[in-house]
Amino acid sequence: MQLRILGIDPGSRITGYGVIDVNGPVVHYVGSGCIKAGTDVLYKRLHNIFTGVSTLIEQFKPDVFAIEQTFLSKNVQSTVKLSEARASAMVAATVASLEVYEYTPMQIKQAVVGYGAAQKNQVQFMVQKILRLSGTPQTDAADALACALCHGYTYAVSSRMGNDVAVGSSIRGRLRGR
């Protein structure tokens with residue numbers, strides 16, 4: 001069964017996106033890029049992220065949505081802005097009735113590079129190789145593609161094990177107390 005995954009690397013100024021198709025063990029690149037939220041006041045940037053993600057959902061018609069979880073940084077303001085950008089993207093997905101799956105940066109790096117503390121350039125390199133891209137994707141787009149790949153691998157493994165729901169943390173699953 002083919003599954004189209006929209007992966008998101010949230011950011012309050014630049015939000016990366018990556019779209020892949022997974023059909024069993026076969027993964028195909030569909031598209032990637034960045035939503036430039038701008039440098040305006042935060043609420044306008046959040047609107048740009050929501051609108052941009054909504055447009056991507058219309059354009060690519062994904063089956064599921066995978067997003068990187070917020071990591072805690074020493075700068076509390078940065079963490080809050082990142083969380084708000086993430087929420088804008090997640091709301092766009094839920095408005096479109098997509099199931100949302102969240103993965104930690106460590107889970108994503110482990111799935112794509114094989115090492116949870118991998119550097120950004122290692123993630124870019126592996127995304128390029130796995131998806132057989134002709135060039136190196138921009139950092140934010142590579143991170144989003146890596147997130148989509150992480151969900152694709154998780155989905156493939158859980159499907160082979162006979163599970164209905166992927167192992168990743170879904171919003172709905174978390175709200176039900178799983």
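Residues numbered from 1 in each chain as written. Predicted model: local features only at pLDDT ≥ 70, side-chain atom pairs only at ≥ 80, totals over all residues. Heavy atoms only, no water.

**Some remarks on the UniProt feature "active site" (unreviewed entry) in the protein chain**
Link 1 in the chain: The UniProt entry lists D9, E68 and D140 under the feature "active site" (unreviewed entry), expressed in the numbering used here. Spanning 132 residues, the annotated positions come together in the fold, the maximum distance between their C-alpha atoms being 11.4 Å. In the annotated group above, the largest pocket draws its lining from D9, E68 and D140.
Link 2 in the chain: With a relative accessible area of 12%, E68 lands in the buried category. (UniProt positions renumbered as here; feature names shortened; annotations may be inferred. 1 Å grid on protein atoms, 1.4 Å probe; cavity = no way out; pocket = protein on both sides within 12 Å on 5 of 7 lines; lining within 4 Å. Buried < 20%, exposed > 50% of the residue type's maximum accessible area, 1.4 Å probe, protein only.)

**Focus: the nonpolar core**
Link 1 in the chain: Core analysis: the biggest nonpolar cluster contains 23 residues, and I5, I20, V127, L131 and L149 have the highest contact counts within it.
Link 2 in the chain: Those elements that provide at least two residues to this core are β1 (2-9), β2 (14-23), β4 (64-68), β5 (99-103), α3 (105-113), α4 (120-130) and α5 (139-160).
Link 3 in the chain: Counting residues per element, this core draws most heavily on α5, which supplies seven residues.
Link 4 in the chain: Beyond its immediate chain neighbours, meaning those up to four positions away, L149 contacts I20, V27, V112, V127, I130 and L131.
Link 5 in the chain: Core analysis: the second largest hydrophobic core is formed by 21 residues, I49, I67, A92 and L98 among them. (Core = buried A, V, L, I, M, F, W, Y, C linked by side-chain atoms within 4.5 Å. Helix = DSSP H or I, 4+ residues; strand = E, 2+ residues; numbered from the N terminus. Contact = heavy atoms within 4.5 Å.)

**Brief notes about the layout of surface pockets**
Link 1 in the chain: Looking at the largest pocket, its volume works out to about 300 Å³.
Link 2 in the chain: Around the largest pocket sit 20 residues that line it, and D9, E68, F71, K120 and D143 are the ones nearest its centre.
Link 3 in the chain: Its residues placed into classes, the lining of the largest pocket shows nine nonpolar, four polar and seven charged. (Points joined across faces, edges and corners; volume = space filled by probe spheres on them. Nonpolar A, V, L, I, M, F, W, Y, C, P; charged D, E, K, R; others polar.)

**Thoughts on the packing of helix α1 (residues 42-60) against helix α2 (residues 76-95)**
Link 1 in the chain: Where α1 meets α2, the axes come as close as 8 Å, and the angle between the chain directions of the two elements is 35 degrees. Where α1 crosses over α2, the two elements pack in a sense that is right-handed. Residues L42, L46, I49, F50, V53, S54 and I57 of α1 form the contact with α2, whose own contacting residues are K81, E84, A85, S88, A89, V91, A92, A93 and V95.
Link 2 in the chain: Tallied by class, the residues present in the contact of α1 with α2 amount to 12 nonpolar, two polar and two charged. (Axes fitted to C-alpha atoms, helices over the stretch in contact; angles between N-to-C directions. Left-handed = near helix turned anticlockwise from the far one by under 90°.)

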